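Now for the letters of each chain:
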Amino acid sequence: TAEEDEEKAPSTASKSKRRKEESEMENQLLLGDVPTSIRRLVINLIQSGEGKEHAFTSLDDIAAELKLILVERPSVFFYEINTRGNSSLDFGEEIFGREEEIEQIRQEAEIVSLERDSLLNTIILVGGEPGIGKSSLVEASAKRLAGSGDWLYTSCKFDQMQHRPLSTIASAFEEFFESILDDEDEEDFVEEITDSLRQNLSSPAIVLLCNLVPSLRGLFPDIMRRVVSDTDLSSMLIEEAYANRVDGNGQKYLDDADSSRNRLHYLFRRLIYAISTFGGRGVVFVLDDIHWADTASLDLLTSMLTEFDHINPFAENIHRTQRVLFFGLYRTGGVYDRVDTLDRYFTKFDDSNGVEAYYIHLSEMDTAGINTMLSYALKLPMRLTRSLAVAIGAKALGNPFHIRAFLQSLVDCKTLHYSLSEKRWVWDIDEVKATSIGEGVAELLTSNLASLPDTVKDALRLVSLFGSHVDVPTVGSLKGREEVFRGLDLAVKKHILEKNGDCYKFPHDMIRQASYALMTEAEARESHLKIGIELSSQLRSPESQPESLVFAAVGQINQAKSLGFTDTTMSVEFATLNLNVGKRSIEVSDYGSALSYCETGIAFLRGGVSEWEREYDLHLRLYESACLASYVLAQPEKTSAFLKEINDNAKCLEDKLSSYVVGVKSLGSLGKVDESVERTFTLLSELGEIFPSDVTPAIICEELKATKTILNGYSKEDILAAPKITDKRKAMAMKLMSVVSTFLFITKPLYSPLISCRIVNISVTYGFCSESALGLCGFAYSLVSVLQERIEDCCKIGQTALLLIERLGANDMKPKIKAIVHSYLFIWLEPLQSTASVLCDAHRDALQVGDIEGSVLSANFYCTHSLMCGD
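Residues numbered from 1 in each chain as written. Predicted model: local features only at pLDDT ≥ 70, side-chain atom pairs only at ≥ 80, totals over all residues. Heavy atoms only, no water.

1. A look at the sheet that holds strand β1 (residues 121–128)
Right, on to step 1. Taken in spatial order, the 5 strands line up as β2-β3-β4-β1-β5 in an open sheet, and their pairing is parallel. Where the open sheet ends on each side, the last strands, each with one partner, are β2 (151–157) and β5 (355–361). Taking the axes of each pair of neighbouring strands and ignoring which way they run, one obtains an average angle of 15° across the sheet.
Right, on to step 2. As paired elements, strand β3 (residues 282–288) and strand β4 (residues 324–331) share 5 bridges and run parallel to each other. Paired with Phe285 across the strands is Phe326, a residue of β4.
Right, on to step 3. Along the sheet face, helix α14 (residues 342–351) touches β1, β4 and β5 and points at about 130° away from the line of β5. (Pairing = 2+ DSSP bridges. Helix = DSSP H or I, 4+ residues; strand = E, 2+ residues; numbered from the N terminus. Axes fitted to C-alpha atoms, helices over the stretch in contact; angles between N-to-C directions. Contact = heavy atoms within 4.5 Å.)

Below you can see the structure in the form of C-alpha cells.
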C-alpha cells in the first residue's frame, strides 16, 4: 500500500546513507594507510547492528580481536599479505586445537628433566588415524623443547617399503652426531661423550658401534687405524660377522645369534646414556610411524626403554641420571592397527618397571580448532571464517590433513580465491558446501595429482615405488635419470615433494599413497620388477656397491612378487639376492627381516625348475638361515619345519650339523631340557662320541685320571702353539657339548666332568678351538672337586684357558671363561678383593659382547665375593 511504501522509504534511504558513510570512511582509512585488519574491524563494527553473520556480539569480541591483531599474532593479522602469483595457502608450523596434548607433553618433559635417582625412562605413545596430526604435534613440541636450550632432539621415521635392518634407528644417531660434530659450541659435549664411551666400552665394541653410526669414526681415529692389523678388533666388524661364524672348512656356526643381538642392544643403550647424561641436557627421541617398524627395531626400542644393565650397578657414583623422553607415533584403524605386533610391545612397556608409558590418542578436531586453523591460513578473524569452518569440518570429518587437502582443492578450482579488490580471501559458502570430496581425501589427492604434467607424475610414481623417500644416488643409478630429476625438482617447486640433502621425500604418507595409486596393480608390479632388475644388474659390477642399493634392489623384486609376479626365469638369481640380504640382516640381529627374506628366497625356488637337486647349496643355505632366524624369533613351529626340510634333503651328516645346534638350543629354550640333552647325546653318538648311559663316580675318576695323563704331556706353550681344529665332525661335537653343558649342570651334573674330559681329549688329538677353553676350565675344576688335586696345578690349567681364548681371538667367550676361572679356581689362591674386581669387569665385558649368561654368572660371584670380604 502507499502507506507501507512511505514507511519503507526512510528505511531504504537510511541504509543508502549508511553505505555511503561506510564507503567514505573506508576510503579515509585507506588513504591513511590503516592496515586492512583494522580497517575491516572498524567497518564491521559499524555494520554490527545490521544482523550480519560476521557481526560483533559484544565488547569482549572487539577486545579479543584487537588483542589478536596487535598483540598475539601481529605477523599474521596486522601486516599486509601478498598472495599475488601464489595460489597456495600458508598454514605455517602452528598446531591448532591440540592445547591439552601440548600441555601434557610439556609436563612430562618437565618431569623427565628433573634429576631422578631412579632408573626410569619415559615414552609418550601418540596414536591416531592417518592425517590426524601426530607428526606435526610431536615435531612442534620437540622443537619447542630443543629451542629452550635444555633438550637435544633427534628423530627417525620408519617406512613400509624400506627394509634395511636397524638403519632407521641408526640414522637418528647418525644425523644427531653429524649436527653436533660441526658445531664448535658442542666441542666440550662431544669430548664428554667420547670419554664416556672410551671408559666403558672395549675397542672391539667401539669398532662395532662406529660401523653402525659412521659419524663416530672421527672420534676414535686411533682405534679405527688399528682395525686393519688387529685380528681381535677386525673380528668384531659387522661386515665380517657372518664370516666369523665359519671355521676353516666353511662350517657355519650360527649359534651366537642371541649374543649378537644382546651386544647391539647394549651398545645402543650405552650410546644414548652417554648422550643424555652429559652437558646438562635431556634428549628427545622421536620414532615416527612405528607401525612400519621391523621386529629388530622394536626389540631395540624395548631394550633402550626397559633395560639398564649398561649402567654399572657395582661402580661408585652411578646416580648420573639418564634423561631421555621417547616418542612413538603410530597409526590406528584399518590395516595400520597391528594388534599382533605393537600391542605386544605396548604390553611390555606397561608391565616393565623401567619405563613409564603414556598414551595420547588424537581424535578429530572440533569446529573451534578448525576455525582457528582457517583463521590463521586465511589471515582473517575467526568470526569471518566460522561458517567456512563448519562446512569444511563436515566434509573432512575433522582430519587436519584432509582439511588442508580439501582447502587446496577449493583454491585450485577457484571456489576459494584471493580478492585483490577486497585484499582478503573470499569464497562462496554455497559452492563450498556443494563441492564433493568423493569417497575420501585419497581419491581427492589422486584426482589432483592426475592433473599434473606427465614429467611430474612419472617422478612421483618412481618415488612412491621406493616408499616415503628415495636418495639421489639411487635415482642416479637408473636409466632416464635426467628426465626423472627434472620431474622431481618440479614436484619440489610445487610443494608435492620435499628435498632434504640428497633425499627426495613425500611430506605425508597419504601423498605417497595417492602417487602410488596413479598406477594399476599390473603397472606397479612391472615397475617394481623393472627397477629391481635394473638395480640388481649393477650389483654384478666389480666395483663396490653401497649397501642401500642391494636392499633397494631386493625390496623392489620382492614387492613385485607380492603383487603376483610368477615368472621363474630369474628365480635362482632372485633367491640368491634374498639369501645375501637375509645374511646381512642376521649380521645386525634383524632376524624378523632375515626370516622374511629367506622365506621369499625359498618361495622363488618353489614351483620352478630349481629344486633341491638342481640348486642344492642355495636351498641348504636358505633353510639354514631361515631356521636360525625363526629360532631366535621364538617361532618353534617354523623352526621345526625348516629343520625337517634340511634333515630330509641334506646329502650328508656334515650338511646337517649347523641345524643340529639350532635344534638342540631350540628344545632347551622351550623348556624341553631333558629332550634337548637326549637329542644331543644321540647326535654325539652319530658323530662318534659315545657316552655311558649310567655314570658312576668310578667312571668319572677313571676318565679324569686318563685325561690328566694325556694333558701332562703338553705344556702351556704346546697348547697355545697347537693348530686349530679342522675336522668338521669333531668341531661340531665340541660345539654340541658346549651347548649342552649348561643343561647338564642342572639336570645331569655327573656328566659335566665327562663332557670336559671329552672336549680336552678331542682338542689334543684334532686341534683347539674356543670350546677347548671351556673344556679346560671344566676339567681343572673337576680335578679340584673330584680328585682333590693341587689347586696351584689346576689354576695353571685355568690360566692356559684364558691365554688360549686370547690367542684364538674369541672375544665372545672371554668374559665367561674369565668368570669361571676366577670364580671356581683363582678364588682359592688370590684375595677375594682381587677376584671381585676381575668379576666386575667380566660382568661389563660380557654385556658388551651380548653374553647374558656370562654377565649373570659374573655378577652373581662378584656379589658373593664382595659380601665375603666385607665390601
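After that view, the rundown keeps rolling.
2. Quick look at the side chain of Lys816
Right, on to step 1. Mapped onto the elements of the fold, Lys816 is located in helix α38 (residues 814–824).
Right, on to step 2. The residues touching Lys816, leaving out its near neighbours within four places in the chain, are Asp851, Glu853 and Gly854.

3. Side note on the packing of helix α32 (residues 697–711) against helix α35 (residues 751–766)
The geometry of a pair of packed helices is captured by two quantities: the angle between their axes and the separation between those axes.
Right, on to step 1. α35 packs onto α32 with a crossing angle of 25° between their chain directions and a minimal axis gap of 10 Å. One way to sum up the angle between α32 and α35 is to call them roughly parallel. Classified by chirality, the crossing of α35 by α32 is left-handed. Contacts between α32 and α35 involve Ile699, Ile700, Glu703, Leu704, Thr707, Ile710 and Leu711 from the former and Pro753, Leu754, Cys757, Val760, Asn761 and Val764 from the latter.
Right, on to step 2. The residue inventory of the contact of α32 with α35, partitioned by class, reads 10 nonpolar, 2 polar and 1 charged. (Parallel < 35°, antiparallel > 145°, perpendicular 65-115°, else oblique. Left-handed = near helix turned anticlockwise from the far one by under 90°. Nonpolar A, V, L, I, M, F, W, Y, C, P; charged D, E, K, R; others polar.)

4. Some words on the sheet that holds strand β9 (residues 498–500)
Right, on to step 1. Pairing within the open sheet is antiparallel, and its 3 strands lie in the order β8-β10-β9. Single-partner strands in this sheet number two, and they are β8 (469–471) and β9. Direction aside, the axes of adjacent strands within the sheet are offset by 20° on average.
Right, on to step 2. Sheet topology note: the β9/strand β10 (residues 503–505) ladder contains 3 bridges and is antiparallel. Along β10, the bridge assignment pairs Lys499 with Tyr504.
Right, on to step 3. The strands touched by helix α22 (residues 481–493) are β9 and β10; relative to β10, the strand with the most contacts, the crossing angle is about 55°.

5. Examining the pairing of β1
Right, on to step 1. In terms of burial, β1 is a largely internal element, 8 of the 8 residues being buried.
Right, on to step 2. The side-chain alternation of β1 yields two buried faces, one formed by Asn121, Ile123, Leu125 and Gly127 and the other by Thr122, Ile124, Val126 and Gly128.
Right, on to step 3. Of the pairings in the sheet, the one linking β1 to β4 comprises 7 bridges and is parallel in character. Bridging across to β4, Val126 finds its partner in Leu329. (Buried < 20%, exposed > 50% of the residue type's maximum accessible area, 1.4 Å probe, protein only.)

6. Let's talk about helix α7 (residues 167–181)
Right, on to step 1. Taking 1.5 Å of rise per residue, the 15 residues of α7 would be expected to cover 21 Å, and the 20 Å separating its terminal C-alpha atoms lies within 8% of that figure.
Right, on to step 2. For α7, the full list of buried residues reads Thr168, Ile169, Ala170, Ala172, Phe173, Glu174, Phe176, Phe177 and Ile180. (Expected span 1.5 Å × (residues − 1).)

7. Section: the pattern of salt bridges
Right, on to step 1. A complete count under the given rule lists 25 salt bridges for this structure.
Right, on to step 2. The salt bridge partner of Arg790 is Asp793, with a shortest N-O separation of 2.9 Å.
Right, on to step 3. Measuring nitrogen to oxygen at the nearest pair gives 3.8 Å for the salt bridge that ties Asp845 to Lys818. Of the two residues, Asp845 sits in helix α39 (residues 832–848) while Lys818 sits in helix α38, which places them 27 residues apart along the sequence.
Right, on to step 4. Each of Glu103, Arg106 and Glu110 takes part in one network of salt bridges that share partners. (Salt bridge = Lys/Arg side-chain N within 4 Å of Asp/Glu carboxyl O.)

8. Some points on the packing of aromatic side chains
Two measures describe an aromatic ring pair: the distance that separates the ring centres and the angle between the ring planes.
Right, on to step 1. Per the counting criterion, the structure on display carries 20 aromatic pairs.
Right, on to step 2. Through successive ring pairs, a cluster of aromatic residues spans Phe173, Phe268, Phe285 and Phe326.
Right, on to step 3. Positioned above the aromatic ring of Tyr376, the side-chain terminus of Lys379 is 5.6 Å from the ring centre.
Right, on to step 4. Stacked on the ring of Tyr616, the Lys or Arg Lys651 has its end atom at 4.4 Å from the ring centre. (Phe/Tyr/Trp six-rings, centres within 6.5 Å; stacked < 30°, edge-to-face > 60°. Lys NZ or Arg CZ within 6 Å of the ring centre and 35° of its normal.)

Treat this as a map of the structure, not an account of what it does.
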